[in-house]
Amino acid sequence: MDITTMTAAALSKELASGRLSSTELVSAELRKIKDNDDDSAFITVCADEALKAAGEADRRRADGKVLSFLDGVPISLGDNIMTKGIKTTCASKMLWDFVPPYDAAVVEKLKSAGLVIIGKTNLDEFAMGSSTEAAAAVAAFMTPLALGSDIGGSLRQSAGLCGVYGFRPTYGAVCRYGLAAVASSMDTVGVIARSARDVRLLCDIIYGEDSRDASSINIKLTESEKPGFSSMSFALPDELFADADKNTISAAEETAAKLAALGMTRKTLRLPSLKYALAAFIIISCAEAASNLARFDGVGYGYRTGSYDDMNELFENTRGEGFGQEVKRRILLGGCALSADFREKWFFKAKAAAALIRAELDKALSDIDIIVAPTSANPAGNKTSGNIFETDITLFPASLAGLPALSLPAGVYGGIPTGVQLISARRRDGLILYTAEILAETEAER
Amino acid sequence: MQMDLKKIAHNLRIRLNDAEIAEFEKDWARLDVLSEVFYDLPSDISDISPKSGSFDGAALRSDEPNDEQTIGRDELLANAPKLSKDKTMVAVPRTV
């Protein structure tokens with residue numbers, strides 16, 4: 001069997017049995033990347049560092065000092081997650097040669113658990129659009145695990161379209177220290193893997209409160225989160241299916257039928273406040289991006305224009321040349337939203353709408369355990385331009401309300417993978433991860 | 001109301017060419033139409049505005065434990081080092 005096609009959990013067992021070494025595994029993944037990465041899924045491949053870390057993992061195992069269940073297993077990181085001594089570009093000219101002097105909190109945790117960082121995956125500039133390459137790297141067997149970021153659902157959408165699992169944890173469950181800040185009230189480190197169990201195993205390692213991120217919280221994915229299905233319920237709100245094509249509806253209904261077969265009760269749910277979601281998401285995310293990206297001015301670090309006579313020209317030319325089109329679009333719209341003329345009309349209204357959406361979802365999820373929704377309303381017609389106006393509304397509820405959401409593979413229609421989301425209340429991450437695991441086990445037994 | 005995007009871009013210290021301004025004017029108009037959906041926001045929440053001096057994204061999450069640690073703008077300004085009025089800038093080595 002090709003070891004690169006195995007799940008992280010299966011690889012861990014192979015490593016534990018002694019039938020496979022981390023060095024062999026990492027070498028196989030590096031060969032796969034070299035042979036197949038024509039489409040530039042990776043910005044940086046850390047071959048030397050990865051082989052060194054794999055050798056250390058093998059020595060630990062030989063000495064009986066294994067650090068975690070995933071010790072020696074490779075993982076890729078989105079190139080907006082800081083890695084000490086390894087270039088981190090955010091796929092932007094602005095940071096094309098930036099080498100962070102520190103590791104992100106999640107990277108510290110991965111290293112403490114013995115995982116091997118195999119490379120940094122490509123993304124839309126500053127993660128404004130998609131994590132397609134992180135999902136593609138997992139789907140194309142270049143790595144069994146990947147971390148990326150989920151702002152408005154890009155990680156889940158990419159996973160859905162690549163036929164793998166993509167998980168956005170509860171906002172704050174994973175410390176954001178060292179994740180390049182874009183939309184601070186929604187930025188979340190997310191997980192991509194080939195099984196729900198792999199997602200849970202990795203979340204067990206990267207979750208946890210951290211004083212370096214005031215929004216971080218403690219959530220434990222314990223066995224007690226395993227659901228008792230007979231007392232649980234789910235719903236498919238009409239508002240999230242408004243633009244769905246028939247294949248997407250079929251995929252969601254199939255998932256609903258599986259949940260019902262496990263003993264869960266199907267309920268009716270309406271979420272009328274979601275009509276505000278698109279405008280609220282665009283305004284809030286652009287306003288926060290305009291604020292967060294103000295630090296890139298060519299002075300402290302990163303790209304600096306060669307053409308300037310005074311400070312204003314230095315700032316303007318650096319930012320005009322260093323940022324791409326989509327980033328400029330969002331900075332400008334965000335600047336408008338925060339301007340004196342439009343703050344009341346756009347930004348405060350968007351925040352009020354987001355509060356309404358959050359309250360409505362909190363109320364719904366106090367009665368219903370899981371919301372089932374399409375990952376992409378129309379996968380076949382999906383646009384990947386990164387343009388914020390073309391984002392799928394099905395992804396916004398979890399982002400605006402800080403809810404955990406898992407996109408799981410739900411079949412292939414017309415040659416295009418389709419994803420279905422399971423969304424639950426804040427802090428109930430374990431519920432949807434265990435539910436997805438049980439759904440996968442049920443599927444395997446059929 | 002029409003926005004002067006050139007002025008906004010200048011305030012944001014970002015150089016845009018005429019084609020970019022034209023494209024973003026269309027985006028602005030599109031967002032202005034989209035934002036009309038807010039006109040029927042329920043009145044009891046339509047006046048929600050951020051807590052003075054706090055990061056509202058965190059402040060709205062009153063159920064979470066660490067919101068008290070959020071540092072407000074006023075506090076930051078009060079503790080900011082006093083800057084020289086001299087607008088010339090000393091070259092600072094870049095520390096990547």
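The structure displayed is predicted, hence computed values, not measured ones.

Draft legend 1. Representation of the overall build of chain B within the structure. In terms of regular secondary structure, chain B is built from five helices and zero strands. Going from N to C terminus, chain B has its helices and strands arranged as α-α-α-α-α. Out of the 96 residues belonging to chain B, those deemed buried represent 27%. When the accessible area of chain B is evaluated, it comes to approximately 7000 Å², of which 55% is carbon and sulfur surface.

Draft legend 2. Main features of the overall build of chain A. Helix and strand content of chain A: 14 helices and 11 strands. A compact globule built from 446 residues should have a C-alpha radius of gyration of about 22 Å, and chain A, at 21 Å, falls within 12% of that. Considering only C-alpha atoms, chain A reaches an extent of 65 × 55 × 45 Å along its principal axes. Split into buried and exposed, the 446 residues of chain A put 63% on the buried side. Relative to all contacts within chain A whose residues are 6 or more apart in sequence, the contacts with residues 24 or more apart total 76%. On chain A, roughly 15400 Å² of surface is accessible, and the fraction owed to carbon and sulfur atoms is 50%.

Draft legend 3. Spatial organisation of the pairing of strand β11 (residues 416-423) of chain A. Residues and elements named next belong to chain A. For β11, the tally of buried residues reaches seven of eight residues, placing the bulk of the element in the interior. Where strand β9 (residues 370-374) meets β11, four bridges bridge the pair, whose relative direction is antiparallel. By the bridge assignment for β11, A373 is matched with Q421. Sheet analysis places strand β10 (residues 405-413) next to β11, joined by seven bridges and oriented antiparallel.

Draft legend 4. Fine view of helix α6 (residues 154-162) of chain A. All names here are of chain A. Taken across its nine residues, α6 has seven buried, putting it largely inside the fold. All buried positions along α6 are accounted for by S154, L155, R156, Q157, S158, A159 and G160. Positive backbone phi, approximately 75°, marks G163, located one or two places after α6.

Draft legend 5. Focus on the confidence of the model for chain B. Residue and element names in this part refer to chain B. Residue-level pLDDT values for chain B average 66, and 44% of them are 70 or greater. Summarising per-element confidence for chain B, the mean pLDDT is lowest in helix α4 (residues 56-59) (39) and highest in helix α2 (residues 18-34) (93). Of the regions scoring below 50 in pLDDT, residues 83-96 engages in 15 contacts with residues more than four places distant in sequence or in other chains. Among the prediction metrics, the complex's ipTM stands at 0.86, with pTM recorded as 0.89.

Draft legend 6. Highlighting the interface of chain B and chain A. Taken together, the contact between chain B and chain A spans 46 residues of the former and 61 residues of the latter. Interface of chain B and chain A: buried area, both sides summed, is about 5100 Å²; carbon and sulfur atoms make up 64% of it. Ionic pairing is found between K328(A) and E20(B), a salt bridge with its closest N-O pair at 2.7 Å. Where the side of chain B that touches chain A is concerned, the elements lending two or more residues are α1 (5-11), α2, α3 (43-46) and α4 of chain B. At nine residues, α2(B) tops the list of elements feeding residues into the side of chain B that touches chain A. Residue composition of the side of chain B that touches chain A, grouped by class: 25 nonpolar, eight polar and 13 charged.

Draft legend 7. Here's a closer look at the nonpolar core. Of all hydrophobic cores here, the largest spans 142 residues; its most connected members are F126(A), L147(A), L202(A) and I206(A). Counting 11 residues, the second largest nonpolar core, distinct from the first, contains I33(A), A41(A), V116(A) and M142(A).

Draft legend 8. Region of the structure containing the pattern of salt bridges. Residues and elements named next belong to chain A. The tally for this structure, following the rule as stated, stands at 26 salt bridges over all chains. The residue K120 makes a salt bridge to D79 at a minimum N-O spacing of 3.2 Å. Of the two residues, K120 is situated in strand β3 (residues 116-121) and D79 in the loop between β2 (74-78) and α4 (105-112); the sequence distance between them amounts to 41 residues. Neither residue differs from the other here; K120 and D79 are each classed as buried. A salt bridge links R212 to E108; the nearest nitrogen and oxygen atoms lie 2.8 Å apart. Note that R212 is positioned in the loop between α7 (196-206) and β7 (233-235) and E108 in helix α4, a separation of 104 residues in sequence. Here R212 falls in the partly exposed class, since its relative accessible area comes to 37%.

Draft legend 9. Representation of the sheet that holds β9(A) in the model. Residue and element names in this part refer to chain A. If you walk across this open sheet you meet the 11 strands as β1-β3-β2-β4-β6-β5-β10-β11-β9-β7-β8, and the pairing is mixed. The open sheet is flanked by β1 (42-45) and β8 (265-267), the only strands paired with a single partner. Strand after strand, the sheet turns through a mean of 30° between neighbouring axes, direction not considered. Of the pairings in the sheet, the one linking β7 to β8 comprises three bridges and is parallel in character. By the bridge assignment for β8, A235 is matched with K267. In this fold helix α3 (residues 47-62) packs onto β1 and β3, with an angle of close to 160° to the strand it touches most, β3.

About the thresholds
- Residues numbered from 1 in each chain as written.
- Chains lettered and ligands numbered in written order.
- Predicted model: local features only at pLDDT ≥ 70, side-chain atom pairs only at ≥ 80, totals over all residues.
- Heavy atoms only, no water.
- Helix = DSSP H or I, 4+ residues; strand = E, 2+ residues; numbered from the N terminus.
- Buried < 20%, exposed > 50% of the residue type's maximum accessible area, 1.4 Å probe, protein only.
- Areas by Shrake-Rupley, 256 points an atom, 1.4 Å probe, with all protein chains shown as cover.
- Rg over C-alpha atoms; globule rule 2.2 N^0.38 Å.
- Contact = heavy atoms within 4.5 Å.
- Pairing = 2+ DSSP bridges.
- pLDDT = per-residue confidence, 0-100.
- Buried area = accessible area lost by both parts, 1.4 Å probe.
- Salt bridge = Lys/Arg side-chain N within 4 Å of Asp/Glu carboxyl O.
- Nonpolar A, V, L, I, M, F, W, Y, C, P; charged D, E, K, R; others polar.
- Core = buried A, V, L, I, M, F, W, Y, C linked by side-chain atoms within 4.5 Å.
- Axes fitted to C-alpha atoms, helices over the stretch in contact; angles between N-to-C directions.

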